[in-house]
Amino acid sequence: VNGFSPSALANSQDLSEEDKKAAQALAQAAKAVSNATPSEDLVQTEVLQPDMLPEKRDEVRDWASRRRKLEYWFPRTTPITVNVAMYWVLEAAQHDTNPNSEKIIRDGCDYILQVFSEGEQMKDIAKKQQLKKAMDSTDLVQVDSLLDGLLGELRAIGLEGNARALETAAREQLFLTGLKKQDPRMMVDGGEGSKWATHYVNTVVKRLYGKNGRQGFLRHLASKLLDNYNPQD
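The residue count restarts for each chain, going from 1 along the sequence in the order it is written. Local features are withheld for residues below a pLDDT of 70 in this predicted model, meaning they are given only at 70 or higher, and side-chain atom pairs are given and counted only at 80 or more; totals for whole chains, interfaces and linings count all residues. Here the side-chain values reflect all heavy atoms present in the structure, with hydrogen atoms and water set aside.

## Re the overall build of the protein
Put simply, the rule reads: Numbering of helices and strands runs from the N terminus; a helix is a DSSP stretch of H or I covering at least four residues, while a strand is a stretch of E covering at least two. To sort residues, take the accessible area from a 1.4 Å probe on protein chains only and compare it with the maximum for the residue type: under 20% means buried, over 50% means exposed, and anything in between is partly exposed. Accessibility throughout is a Shrake-Rupley quantity obtained with a 1.4 Å probe, and a residue counts as covered only by protein chains that appear here.
Scanning the protein from terminus to terminus reveals 11 helices and zero strands. In the protein, the succession of helices and strands from N to C terminus is α-α-α-α-α-α-α-α-α-α-α. Classification of the 233 residues of the protein by burial places 46% in the buried group. Accessible area of the protein: about 13,000 Å², with a carbon and sulfur share of 47%.

## Re the confidence of the model for the protein
The cut-off we apply is this: Every residue carries a pLDDT, the predictor's confidence in it, which falls somewhere between 0 and 100. Note on contacts: a residue pair qualifies if any of its non-hydrogen atoms lie within 4.5 Å across the two residues.
For the protein, per-residue confidence averages 80 on the pLDDT scale, and residues scoring 70 or more make up 73% of the total. Across residues 35–59, confidence stays below pLDDT 50; counting only partners more than four residues off in sequence or on other chains, it has 38 contacts.

## Focus on the pattern of salt bridges
Here is the rule we go by: For salt bridges, the criterion is a side-chain nitrogen of Lys or Arg within 4 Å of an Asp or Glu carboxyl oxygen.
Within the structure shown, the criterion is met by 12 salt bridges. Between Arg 61 and Glu 91 there is a salt bridge whose closest N-O contact spans 2.7 Å. Of this pair, Arg 61 sits in the loop between helix H3 (40–43) and helix H4 (63–71) while Glu 91 is found in helix H5 (residues 82–94), placing the two residues 30 residues apart along the sequence. Neither residue differs from the other here; Arg 61 and Glu 91 are each classed as buried. Here Glu 167 makes a salt bridge to Arg 155, at a shortest N to O gap of 3.0 Å.

## Observations concerning empty space enclosed by the protein
Quick note on the threshold: Cavities and pockets were defined on a 1 Å grid built over protein atoms only: a cavity is a set of grid points that admits a 1.4 Å probe from which the probe cannot escape, a pocket is an open set flanked by protein on both sides within 12 Å along at least five of seven lines, and lining residues are those with an atom within 4 Å of any such point. Grid points are joined across faces, edges and corners, and a volume is the space filled by probe spheres set on the points. Basically, the charged four are Asp, Glu, Lys and Arg, the nonpolar ten are Ala, Val, Leu, Ile, Met, Phe, Trp, Tyr, Cys and Pro, and anything else, Gly included, counts as polar.
As enumerated under the stated definition, the model contains one cavity of 30 Å³ or more in all. As a volume, the largest cavity reaches approximately 30 Å³. Lining the largest cavity, in full, are Met 86, Ile 112, Phe 116, Leu 147, Leu 150, Leu 166 and Ala 170. For the lining of the largest cavity, the secondary-structure elements that each account for two or more residues are helix H6 (101–117), helix H8 (140–156) and helix H9 (160–180). Residues of the lining of the largest cavity, tallied by class, amount to seven nonpolar, no polar and no charged.

## Some remarks on the layout of surface pockets
There is about 440 Å³ of room inside the largest pocket. What lines the largest pocket is a set of 15 residues, and nearest its centre among them are Phe 116, Ser 117, Glu 172, Gln 173 and Asn 212. Sorting the residues of the lining of the largest pocket by element identifies H6, H9 and helix H11 (211–226) as the ones contributing at least two each. A per-element tally of the lining of the largest pocket places H9 first, with seven residues. Tallied by class, residues from the lining of the largest pocket come to four nonpolar, six polar and five charged.

## Describing the side chain of Glu 167
Mapping Glu 167 onto the fold places it in helix H9. Those residues in contact with Glu 167 that lie beyond four places of it in its chain are Leu 151, Arg 155 and Tyr 209.

## Digging into the side chain of Arg 171
So the rule is basically this: Within 3.5 Å is the distance limit for a polar contact, defined as a pair of N or O atoms, with the added protein rule that one can donate a hydrogen and the other accept it, and that residues adjacent in sequence qualify only through two side-chain atoms.
If you trace the backbone, Arg 171 turns up in helix H9. There is a polar contact of 2.9 Å between the side chain of Arg 171 and the side chain of Asp 148. Apart from the residues lying within four places of it in its own chain, the contact partners of Arg 171 are Leu 147, Asp 148, Leu 151, Arg 207 and Leu 208.

## Examining unusual backbone geometry
Cis geometry is adopted by the peptide bond preceding Pro 75, which originates at Phe 74 and carries an omega value of -10°. Among the secondary structure elements, Pro 75 is positioned in the loop between H4 and H5. Its identity as a non-glycine residue notwithstanding, Glu 118 has a phi of 55°, on the positive side.

## Let's talk about the packing of aromatic side chains
Operational definition: Side-chain rings of Phe, Tyr and Trp (the six-membered ring for Trp) are treated as a pair once their centres are within 6.5 Å; stacked means planes under 30 degrees apart, edge-to-face means over 60, and tilted covers the remaining angles.
What the rule picks out here adds up to four aromatic pairs. Both rings, one in Trp 73 and one in Tyr 111, keep their centres 5.6 Å apart while their planes meet at 55°; by these two values the pair is tilted. Placement of Trp 73 in the loop between H4 and H5 and of Tyr 111 in helix H6 is noted, with a sequence separation of 38 residues between them. As far as the burial class goes, Trp 73 and Tyr 111 line up, both buried. Ring plane angle 40° and centroid distance 6.2 Å describe the contact between Tyr 200 and Phe 217, whose orientation is recorded as tilted. Of this pair, Tyr 200 sits in helix H10 (residues 193–203) while Phe 217 sits in helix H11, and the two are 17 residues apart along the sequence. Residues Tyr 200 and Phe 217 agree in their burial class; the two are buried.

Put into C-alpha cells, the structure is as follows:
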C-alpha cells in the first residue's frame, strides 16, 4: 500500500532477517484487507482540534522574537517544544509576506526535524541533551492536532519538500510513541473486522514513509503474529 510493499521490504538490505520474515507475514495481513470496502466514517482521519487554531487575521505578533528564538535555540533555559515551533511555522506560512516569515519557516522546520531525531547526527552533547528535553516536553496531542493544518499551509505556498519531511518525522514519532503507550489506534489488533483493517491501513500504515516507522510496524506486526494474532479476524 502506497509503496509499502511486503515483497520489496523482504528483499531490502536495510532489514534484518527477522524483519524480512515479518515482511512476509505482512503480505498475509494485507491480503486480508485487500477486498474490504472502505467506510467513509472510518477512512477519514480524525483530527483533534486545539482550543483555537491560528486564523489568517491581522494581529500583533512578535515575529522578530520568534525568528531569533528559532535561529538561536541553543542555549536556552526552557527548550522550544515541537508543538510551539509548529504553531509559529504555521502562522508564518499563513503570513508569508511578513519579512520574518521565510526565516521562521526555514529555521522552524529544521528545528522541528532536529527535535524529532533528538540531534541524531550531532556531536555536541549539550545540544543533543537540549533537543531531548524539548522532545520530552512536547505535547504530542497538540502535534497531532496541528499537523494537517501545518502541512496544508506549507504546501499552499509551494513548500512540498518541507511538508513531506515534517510529515514523515511527525507521523513516525506519533506511531512509535503510540506503540510504547499501547494506544489501540496505533496497534494492528486495536480493532476487529474488515472496516477496522481498512481504517488502520489508511490512517496508519500508508502514512509511515520513513524507514524507522516501517521497521517499527514490521516488528510490531511480528510480535503480534508470534502472540497468535490472526490478521483475518
